[in-house]
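The residues making up each chain are set out below.
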Amino acid sequence: MPADAARDRLVWSWLHDGASGVRGLVATDGTRLGGIAVLRTFERPLDGSHGCWLDDLFVAEAARGAGVGRLLLGAVGVHAGDLGASVVRWITDPANATARRLYDSVATATPWVTYDMSPGDGRPG
């Protein structure tokens with residue numbers, strides 16, 4: 001996705017305002033960013049609980065293979081537990097074999113298929 005200054009400012013404001021529910025966790029070696037996880041809570045009406053949705057997990061190329069992704073997923077799990085969440089959920093590209101090896105080692109893949117619908121679609125004709 002190309003850089004977009006307005007979008008970046010908006011997302012940065014979500015991470016800092018405390019009202020949006022969007023949170024960011026970072027991994028550093030003290031001087032360089034190793035990775036970031038962006039998450040938010042969501043309601044789960046069928047079981048009366050809240051979950052955490054992992055929107056993004058990014059590991060800097062120089063830090064890949066060093067356990068940064070696993071560290072961030074662990075921190076997401078702790079954060080979700082602190083919030084009283086009943087699940088941490090995310091999606092990934094089925095072809096992303098490297099990430100899926102990590103994900104398969106820390107979570108259970110579900111049989112659910114994800115769809116995106118543009119607002120306004122799906123209105124009765």
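Quick caveat: nothing in here was measured; it's all calculated off a predicted structure.

Reading the values: the criteria
- Residues numbered from 1 in each chain as written.
- Predicted model: local features only at pLDDT ≥ 70, side-chain atom pairs only at ≥ 80, totals over all residues.
- Heavy atoms only, no water.
- Helix = DSSP H or I, 4+ residues; strand = E, 2+ residues; numbered from the N terminus.
- Buried < 20%, exposed > 50% of the residue type's maximum accessible area, 1.4 Å probe, protein only.
- Contact = heavy atoms within 4.5 Å.
- Pairing = 2+ DSSP bridges.
- Axes fitted to C-alpha atoms, helices over the stretch in contact; angles between N-to-C directions.
- Polar contact = N/O pair within 3.5 Å; in protein donor to acceptor, adjacent residues only side chain to side chain.
- Arc of directions from axis to C-beta.

Participant: I'm lost on the overall build of the chain in this one. Help?
Facilitator: In terms of helices and strands, the chain carries three helices and four strands. When the helices and strands of the chain are listed from N to C terminus, the series reads α-β-β-β-α-β-α. Dimensions of the chain, computed from C-alpha atoms along their principal axes, come out at roughly 55 × 35 × 30 Å. Counting the 125 residues in the chain, one finds 21% classified as buried. Of all intrachain contacts in the chain linking residues separated by at least 6 positions in sequence, the fraction that spans at least 24 positions is 43%.

Participant: Explain the sheet that holds strand β3 (residues 49-59) here, please?
Facilitator: To summarise the sheet geometry, strands pair through backbone hydrogen bonds and adopt either a parallel or an antiparallel arrangement. Spatially, β1-β2-β3-β4 is the arrangement adopted by the four strands of the open sheet, whose pairing is mixed. Among the strands making up the open sheet, the edge pair consists of β1 (22-28) and β4 (88-89). Bridging between β3 and β4 involves two bridges; their strand directions are parallel. Across the sheet, W53 pairs through a bridge with R89, a residue of β4. In this fold helix α2 (residues 68-83) packs onto β1, β2 (33-44), β3 and β4, with an angle of close to 160° to the strand it touches most, β3.

Participant: Explanation requested: the environment of D29 in the structure shown.
Facilitator: With respect to the helices, strands and loops of the structure, D29 is situated in the loop between β1 and β2. C-alpha of D29 to C-alpha of A63: the two residues are 34 residues apart in sequence and 9.5 Å apart in space. A distance of 2.9 Å separates the side chain of D29 from the backbone nitrogen of T31, its partner in a polar contact. Looking at D29, its side chain comes within polar contact range of the side chain of R32, at 2.7 Å.

Participant: Help me understand helix α3 (residues 97-106), please; the structure alone is not making it clear to me.
Facilitator: Every α-helical turn comprises 3.6 residues, leaving residues that sit three or four positions apart pointing alike. Those residues of α3 not exposed but buried are A99, L102 and Y103. Buried positions in α3, seen along its axis, are confined to an arc of 95° and lie on one side of it. Contact partners of the buried residues in α3: β3 and α2.

All we've got here are geometric facts, nothing functional implied.
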